[in-house]
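Residue-level structure breakdown
Here's the letter readout for the chains.
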Amino acid sequence: MPRPPSRRAPRPSARIRGWRPYSPTPGYTEEEWARFVAVARDQHRVAAYRKRAYALLLTLYTCCLRIDSLLNARVEDLGYDRGHRVLLLEKTKGGGRKKKPVPPVTWDALQDYLDGRTTGWLFCTASGGRLDEPAVWRLLQSLAKRAGLPLRGPHGIKGDAVTHALAKPEARPDKVQRWADHKDSRTTQRYNKRKELLDDSPGYGLAADIAGALAHGTN
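Summarised in this report is the structure supplied together with it. Keep in mind it's a predicted model, so treat the numbers as computed, not measured. (Residues numbered from 1 in each chain as written. Predicted model: local features only at pLDDT ≥ 70, side-chain atom pairs only at ≥ 80, totals over all residues. Heavy atoms only, no water.)

1. Focus: the pairing of strand β2 (residues 84-90)
For strand β1 (residues 78-81) and β2, the ladder comprises 4 bridges, and the chain directions are antiparallel. Residue pairing in the sheet places G79 in a bridge with V86 of β2. The antiparallel pairing of β1 with β2 creates a hairpin that spans 2 residues between the two strands, and R82 there sits at a positive phi of about 50°. Inspection of the sheet shows β2 paired to strand β3 (residues 97-101) by 5 bridges, in the antiparallel sense. (Pairing = 2+ DSSP bridges. Helix = DSSP H or I, 4+ residues; strand = E, 2+ residues; numbered from the N terminus.)

2. Comments concerning helix α1 (residues 30-42)
The end-to-end C-alpha separation of α1 is 18 Å, in line with the 18 Å expected for 13 residues at 1.5 Å each. Tucked inside the fold, the buried residues of α1 contact α2 (50-62), α5 (133-147) and α6 (155-166). (Expected span 1.5 Å × (residues − 1). Contact = heavy atoms within 4.5 Å.)

3. Brief notes about α2
The first and last C-alpha atoms of α2 sit 18 Å apart over 13 residues, in line with the 18 Å expected at 1.5 Å per residue. Of all 13 residues making up α2, 11 are buried, and the element is well covered by its neighbours. Listed in full, the buried residues belonging to α2 are R52, A53, Y54, A55, L56, L57, L58, T59, L60, Y61 and T62. C64 occupies a position one or two residues after α2 and carries a positive phi of about 50°. (Buried < 20%, exposed > 50% of the residue type's maximum accessible area, 1.4 Å probe, protein only.)

4. Focus on the packing of α2 against helix α4 (residues 104-114)
Interaxial distance between α2 and α4 falls to 9 Å at its minimum, and their mutual angle equals 150°. The angle between α2 and α4 falls in the class roughly antiparallel. Of the two elements, α2 crosses α4, and the hand of that crossing is left-handed. Contacts from K51, R52, Y54, A55, L58, T59 and T62 in α2 reach V105, T106, A109, L110, D112 and Y113 in α4. (Axes fitted to C-alpha atoms, helices over the stretch in contact; angles between N-to-C directions. Parallel < 35°, antiparallel > 145°, perpendicular 65-115°, else oblique. Left-handed = near helix turned anticlockwise from the far one by under 90°.)

5. With respect to the packing of aromatic side chains
Taken as a whole and judged by the stated rule, the model has 4 aromatic pairs. Look at W33 and F36: their rings are 5.6 Å apart centre to centre, the planes differ by 85°, and that puts the pair in the edge-to-face class. Of this pair, W33 and F36 are both found in helix α1, 3 residues apart, which corresponds to roughly one turn of the helix. On the numbers, 4.4 Å between centres and 20° between planes, the contact of W33 with Y61 is stacked. Note that W33 is positioned in helix α1 and Y61 in helix α2, a separation of 28 residues in sequence. A residue is classified by how much of its surface remains accessible, and W33, at 2% relative accessible area, is buried. Grouped by ring-pair contacts, the aromatic residues Y28, W33, F36 and Y61 constitute a single cluster. Of note, R152 hangs over the ring of Y28, and the distance from its end group to the ring centre comes to 3.9 Å. (Phe/Tyr/Trp six-rings, centres within 6.5 Å; stacked < 30°, edge-to-face > 60°. Lys NZ or Arg CZ within 6 Å of the ring centre and 35° of its normal.)

Quick look at the structure:
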């Protein structure tokens, strides 16, 4: 006979649909990210696609974007506003438009990739069609293997951007939250919690002690 459903009240965090107190996506360190991007720029197996791959990764990372927002962007959405290069994006949640500042290194990579093109999908196929998400997944898997890094999907890039931004000495969580387009500050903070759980693990101290004791015992 099946057990009746539990009447125990859910934990407070579980009452918010889709919210988790941690991120399950494997993360890269900033050094690993630099290696990953360098592989895209210099070692993509198809030389003709290196500029596109490099610009795509930098745009996702430095603008902290969802992959669906970026793939729906057009070249015409690039612009200038009060001293900033910007990318005007359709919001995927709630409708409307949002304006993202594009850092200089990313802008330069985009212009190098576009090579004078002024219309069409920002990231497109060789025939001019819109690049799709499965193609981006395949790209990331291939680059990760070449870089000797764990495999991951496009959402992991946004997670790394948030984690790395929060780790900066001058970081302000409220600014990172707005940059990441998180409505709930807890969504932003879960990246901090994930990093703290890993970096501050007491297991490292215990392992160092036991390693020292074992080394001492073999002398």
